[in-house]
Amino acid sequence: TGRILSAQEALACGLISRVVDSRQGKENIESVRVEAQKLASLIASKSGYAMRHGKHTLSEQSCLDSIEEAYAVASAAMAKDLESEDAQIGIDAFVEKRLAEWKHK
């Protein structure tokens with residue numbers, strides 16, 4: 001609809017994971033910075049290939065007219081992802097109960 005959501009509405013819908021009160025002062029700004037760095041580190045620890053391909057797939061799906069088309073795009077993307085070098089690295093790491101060492105391919 002193009003309607004702007006409040007922070008609380010976005011949180012309730014699951015569009016965001018947390019809301020921070022910007023009026024709480026410098027301590028809160030530092031807390032937000034630390035949390036942002038934690039999140040950035042978590043994202044950076046994942047397969048660069050999977051992250052790039054996932055973002056591309058979501059972007060492609062956003063232009064589609066039906067859920068069926070979106071599922072078809074997602075299915076094709078998942079099949080392609082399973083052929084990637086990082087997919088095998090991730091599967092092996094999971095089976096061996098160790099951290100993956102991504103090649104981002």
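Before any of the text, the structure's been laid out above.
## As for the overall build of the protein
Part 1 of the argument: Each helix and strand in the protein was counted, giving 5 helices and 0 strands.
Part 2 of the argument: Traced from its N-terminal end to its C-terminal end, the protein shows the element sequence α-α-α-α-α.
Part 3 of the argument: The C-alpha atoms of the protein give a radius of gyration of 18 Å, which is well past the 13 Å a tight globule of 105 residues would have.
Part 4 of the argument: Dimensions of the protein, computed from C-alpha atoms along their principal axes, come out at roughly 50 × 40 × 20 Å.
Part 5 of the argument: Residue pairs at least 24 apart in sequence account for 31% of intrachain contacts in the protein once pairs closer than 6 positions are excluded.
Part 6 of the argument: When the accessible area of the protein is evaluated, it comes to approximately 8500 Å², of which 60% is carbon and sulfur surface.

## Details of the environment of Ile4
Part 1 of the argument: Positionally, Ile4 belongs in the segment before helix 1 (7–13).
Part 2 of the argument: In this structure Ile4 comes out as exposed when scored by relative accessible area, which is 76%.
Part 3 of the argument: With 93 residues separating them along the chain, Ile4 and Lys97 place their C-alpha atoms 44 Å apart.

## With respect to helix 4 (residues 67–82)
Part 1 of the argument: The terminal C-alpha atoms of helix 4 lie 22 Å apart, and with 16 residues this matches the ideal 22 Å at 1.5 Å per residue to within 8%.
Part 2 of the argument: For helix 4, the full list of buried residues reads Ala70, Val73, Ala74 and Ala77. All buried residues of helix 4 fall inside an arc of 100° around its axis, so they share one side. Residues of helix 4 that are exposed and point over 90 degrees away from its buried face: Glu68, Tyr71 and Leu82.

## Considering the pattern of salt bridges
Part 1 of the argument: Under the definition given, this model contains 6 salt bridges.
Part 2 of the argument: Salt-bridge contacts for Arg3 lead to Glu9; the nearest nitrogen and oxygen are separated by 3.3 Å.
Part 3 of the argument: The closest approach of N and O atoms between Lys38 and Glu35, which form a salt bridge, is 3.3 Å. On the criterion of helical spacing, the pair formed by Lys38 and Glu35 is a turn pair, its members being 3 residues apart in helix 2 (residues 26–44).
Part 4 of the argument: Among the charged side chains, a network of salt bridges with common partners joins Arg18, Glu35 and Lys38.

Criteria and cut-off values
Residues numbered from 1 in each chain as written. Predicted model: local features only at pLDDT ≥ 70, side-chain atom pairs only at ≥ 80, totals over all residues. Heavy atoms only, no water. Helix = DSSP H or I, 4+ residues; strand = E, 2+ residues; numbered from the N terminus. Rg over C-alpha atoms; globule rule 2.2 N^0.38 Å. Contact = heavy atoms within 4.5 Å. Areas by Shrake-Rupley, 256 points an atom, 1.4 Å probe, with all protein chains shown as cover. Buried < 20%, exposed > 50% of the residue type's maximum accessible area, 1.4 Å probe, protein only. Expected span 1.5 Å × (residues − 1). Arc of directions from axis to C-beta. Salt bridge = Lys/Arg side-chain N within 4 Å of Asp/Glu carboxyl O.

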